[in-house]
Amino acid sequence: MFENERSDGDTEPEPDTEPERTGPRRKTGAKAERTRALIRDTALASFRERGYDDTTLRLIAQEAGVSLGNAYYYFPTKNHLVQELYAEVQREHRAAASELLAGSDDLVDRLGIVYRTGLATLEPFHAFAPGFLTAAISPRSPLNPLAEDSAEARELAVGLFRDAVAGARHSLPDDLARSLPEVFWLAYLLLALFWAYDRSPGRERTLRLLDGGLRLLGLALPLARLPMLRRPLRELVELVAAVRA
């Protein structure tokens, strides 16, 4: 028997015949699904209450009433549970934005809705933002928004910006309209980073930055209709979107 170290400081004995795993396991059957859901829901509640640093798999197992080995079976590391949180927050973001998007067909207004509801969804985590940022900042971190492990949450977010553009009344070239959601999502990441450092009441500095950016966007978008500017604007958008490559 060997004792394998875990990323959050917990340890759990495992047999040396246990194969290396990179993702959560999925047992079949109703009982297994209930156990997995219990561990997941307990973890999400702890992240919301305690943040990243003070939530460990050992604590999650204790509060869920399962063995630590059972918790590791379904979620090999704490980061796998953080990815569940990322996706959950993005689903909440979509739910908050969708109803408001139905009331506007103006592109800038619709983008404003997506950005503002996104910040509102993040707000309960503001006190814990440093812990999540520290865990995600490394290019090699599986919690990095650009990492492969973050694909589900990332696609949910980009999809929301895609819906905002697709449902808007505009005369943007089709290729530009297809590329812009990725650019708007990257801008959202930068806005969220500024928000994490913002200690102003009500995050008013972040909201002022957002309002100013939306005003500039409203002035710039009509320029995309000018033939002489379409090519350089398209190249700029492609350059920004290349960050995902």
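For the structure itself, look to the data block above.
Residues numbered from 1 in each chain as written. Predicted model: local features only at pLDDT ≥ 70, side-chain atom pairs only at ≥ 80, totals over all residues. Heavy atoms only, no water.

Draft legend 1. View of the pattern of salt bridges. A complete count under the given rule lists 12 salt bridges for this structure. For the salt bridge of Arg48 with Glu92, the shortest nitrogen-to-oxygen distance reads 2.6 Å. Of the two residues, Arg48 sits in helix H1 (residues 30–50) while Glu92 sits in helix H4 (residues 78–101), which places them 44 residues apart along the sequence. (Salt bridge = Lys/Arg side-chain N within 4 Å of Asp/Glu carboxyl O. Helix = DSSP H or I, 4+ residues; strand = E, 2+ residues; numbered from the N terminus.)

Draft legend 2. Spotlight on the environment of Leu111. Tracing the backbone shows Leu111 in helix H5 (residues 107–122). Placed 10 residues apart in sequence, Leu111 and Leu101 show a C-alpha to C-alpha distance of 8.9 Å. The residues contacting Leu111, other than those within four sequence positions of it, are Phe161, Ala164, Phe184, Leu214 and Leu217. (Contact = heavy atoms within 4.5 Å.)

Draft legend 3. Highlighting the packing of H5 against helix H9 (residues 204–220). The contact between H5 and H9 brings their axes to 10 Å, and the two run at 160°. What the angle tells us is that H5 and H9 run roughly antiparallel. Judged by the sense of rotation from one axis to the other, the crossing of H5 with H9 is right-handed. Taking contact as the criterion, the partners of Val108, Leu111, Gly112, Tyr115, Arg116 and Leu119 in H5 are, on H9, Thr206, Leu207, Leu210, Asp211, Leu214, Leu217 and Gly218. Looking at side-chain class alone, the contact of H5 with H9 contains eight nonpolar, three polar and two charged residues. (Axes fitted to C-alpha atoms, helices over the stretch in contact; angles between N-to-C directions. Parallel < 35°, antiparallel > 145°, perpendicular 65-115°, else oblique. Left-handed = near helix turned anticlockwise from the far one by under 90°. Nonpolar A, V, L, I, M, F, W, Y, C, P; charged D, E, K, R; others polar.)

Draft legend 4. A look at the nonpolar core. In terms of nonpolar packing, the biggest core is built from 60 residues, with Leu111, Tyr115, Phe161, Leu172 and Phe184 touching the most fellow members. Broken down by element, this core gets its largest block of residues, 11 residues, from helix H8 (residues 174–197). In this structure Leu172 touches Leu107, Ala177, Leu180, Leu221 and Ala224, once residues within four positions along its chain are discounted. (Core = buried A, V, L, I, M, F, W, Y, C linked by side-chain atoms within 4.5 Å. Buried < 20%, exposed > 50% of the residue type's maximum accessible area, 1.4 Å probe, protein only.)

Draft legend 5. Structural context of the packing of aromatic side chains. Tallied over the full model, the rule gives seven aromatic pairs. On the basis of an interplanar angle of 55° and a centroid distance of 5.1 Å, the ring pair of Tyr115 and Phe161 is categorised as tilted. Taken together, the residues span a long stretch of sequence, with Tyr115 in helix H5 and Phe161 in helix H7 (residues 151–166) at a distance of 46 residues. The buried category is assigned to Phe161, whose relative accessible area is 1%. Measuring from centroid to centroid gives 6.3 Å for Phe125 and Phe132, while their planes differ by 90°, and the two rings are edge-to-face. Among the residues examined, Phe125 registers a relative accessible area of 7% and is labelled buried. Residue classification places Phe132 among the buried positions, given a relative accessible area of 11%. Chaining the aromatic ring pairs together yields one cluster made of Phe47, Tyr52, Phe125 and Phe132. Against the face of Tyr52 rests Lys78, its NZ or CZ located 3.9 Å from the ring centre. (Phe/Tyr/Trp six-rings, centres within 6.5 Å; stacked < 30°, edge-to-face > 60°. Lys NZ or Arg CZ within 6 Å of the ring centre and 35° of its normal.)

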